[in-house]
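Examining the three-dimensional arrangement
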Amino acid sequence: MNDKLKNTLLTAIHEGAKILRHYFEGSFEIKSKDTLNNLVTEVDKKAEEAIINIIQGEFPSHFILSEEVGELSTESNYKWIIDPIDGTVNFAHGIPICCISIGLELEGKMIMGAVFNPFMNELFFAEKGKGAFLNNKPIHVSNSHQIESACLVTGFPYKWATIDTDPIKVFEKFIRMGLPVRRLGSAAIDLCWVAAGRFDGFWEYNLNPWDIAAGYLIIEEAGGKITNFKGESYSVYDKETLATNGKIHDEILKVIS
Ligand code: IPD
Ligand code: CA
Ligand code: CA
């Protein structure tokens, strides 16, 4: 069963990637969703349709949660959580930091996930208990034990009028500490780059399950740690995400909480 799930996951992500590549730097329709720069393009929708067709072709009864269409066939214990383009703003501006993210949950636990950036040709993959991989080579989180030598990444919600902790203030604290903090614009890539040891930690408020589902498992399988902003155990449905190499987790928590 797991081989068939894996093949389906990888076929779907590669089919979606063909669509992203076809339209990248070309012209396509772009619309705003709830706020000015929360965008959806016709490419998000075309890639999503191709991905869902492949999954449903193999597993017609499986639950699907996908960013643009929402929930489909909600009865199954298997749930595919799909972001057809994570980093749509980047995609819309021709910035090659964007990806497709597909996670697979069984009875509420993530069992498989893949994140593919077709413009850097980087495919991150993890299966529960079997490690995390970048283009088939095992990856691990970094070994930095001290926050002073960490390189961090974060993201900002499209709007945050209702958030208690101002994300700019948290960002400012790290910058005043003299730490490098990047903002790539794709939460799924941020998580995978922590898993690969490029970054030592990532935090963001108000992500959605499709941003995190695959990256969550990839982080865990690469030896990292992921919690909410209180350091408590985490689910992809939570609104606070802190993912680190595990060694600097508590120090980062002190700054953001
Ligand atoms: C967004 C990206 C971004 C993050 C936003 C997400 P989208 O996803 O992951 O990095 O800061 O919160 O909504 O809209 O490009 O799929
Ligand atoms: Ca997203
Ligand atoms: Ca998206």
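Presented here is an overview of the structure given in this document.

Criteria and thresholds
Residues numbered from 1 in each chain as written. Chains lettered and ligands numbered in written order. Predicted model: local features only at pLDDT ≥ 70, side-chain atom pairs only at ≥ 80, totals over all residues. Heavy atoms only, no water. Near = heavy atom within 4 Å. Polar contact = N/O pair within 3.5 Å; in protein donor to acceptor, adjacent residues only side chain to side chain. Areas by Shrake-Rupley, 256 points an atom, 1.4 Å probe, with all protein chains shown as cover. Helix = DSSP H or I, 4+ residues; strand = E, 2+ residues; numbered from the N terminus. Buried < 20%, exposed > 50% of the residue type's maximum accessible area, 1.4 Å probe, protein only. Pairing = 2+ DSSP bridges. Salt bridge = Lys/Arg side-chain N within 4 Å of Asp/Glu carboxyl O. Contact = heavy atoms within 4.5 Å. Expected span 1.5 Å × (residues − 1).

This brings us to the site of ligand 1. Around ligand 1 sit 15 residues, and of these Asp86, Gly87, Thr88, Gly185 and Glu204 come closest. Ile85 is positioned such that a nitrogen or oxygen atom in its backbone is 3.1 Å from an oxygen atom of ligand 1. One of the side-chain nitrogen or oxygen atoms of Asp86 is found 2.7 Å away from an oxygen atom of ligand 1. Taken by itself ligand 1 offers 380 Å² of open surface, and the protein chains cover 94% of this. The leading source of residues in the shell around ligand 1 is strand S5 (residues 78-86), at three residues.

Most of strand S6 (residues 99-106) is tucked away, with seven of its eight residues classed as buried. Sheet topology note: the S5/S6 ladder contains seven bridges and is antiparallel. Of the residues in S6, the one forming a bridge with Trp80 is Leu104. Inspection of the sheet shows S6 paired to strand S7 (residues 109-117) by seven bridges, in the antiparallel sense. Within S7, the residue paired with Ser101 across the bridge is Val115. Linking S6 back to S7 in an antiparallel pair, the connection comprises two residues, with Glu107 at a positive phi of about 45°.

Under the counting rule described, the total for this entry stands at 10 salt bridges. In this structure, Lys128 and Glu220 form a salt bridge, with 3.6 Å as the shortest nitrogen-oxygen distance. With Lys128 in the loop between strand S8 (122-127) and strand S9 (132-134) and Glu220 in helix H6 (residues 209-221), this residue pair connects regions lying 92 residues apart in the sequence. The network of salt bridges with shared partners includes Lys33, Glu67 and Glu68.

With that settled, consider the environment of Thr241. The residue Thr241 is located in strand S15 (residues 240-244) in this model. Judged by relative accessible area, which is 0%, Thr241 ranks as buried. In sequence terms Thr241 and Cys151 are 90 residues apart; their C-alpha atoms lie 17 Å from each other. In contact with Thr241, not counting residues within four places along its chain, are Phe202, Trp203, Glu204, Leu207, Ile212, Ile226, Thr227, Phe229 and Tyr234. Within the local environment of Thr241, its side chain forms a polar contact with the side chain of Tyr234, the two groups lying 2.8 Å apart.

In this section: helix H1 (residues 2-23). Its 22 residues place the ends of H1 32 Å apart at the C-alpha level, agreeing with the 32 Å of an ideal helix rising 1.5 Å per residue. Those residues of H1 that sit buried are Leu5, Thr8, Leu9, Leu10, Ala12, Ile13, Gly16, Ala17, Ile19, Leu20 and Tyr23. Turning to H1, the residues buried within the fold contact helix H2 (42-58), S5, helix H3 (88-92), S6, S7 and S8. Immediately downstream of H1, the backbone of Glu25 shows phi near 70°, a positive value.

Such coordinate-based values are descriptive only and should not be taken to indicate function.
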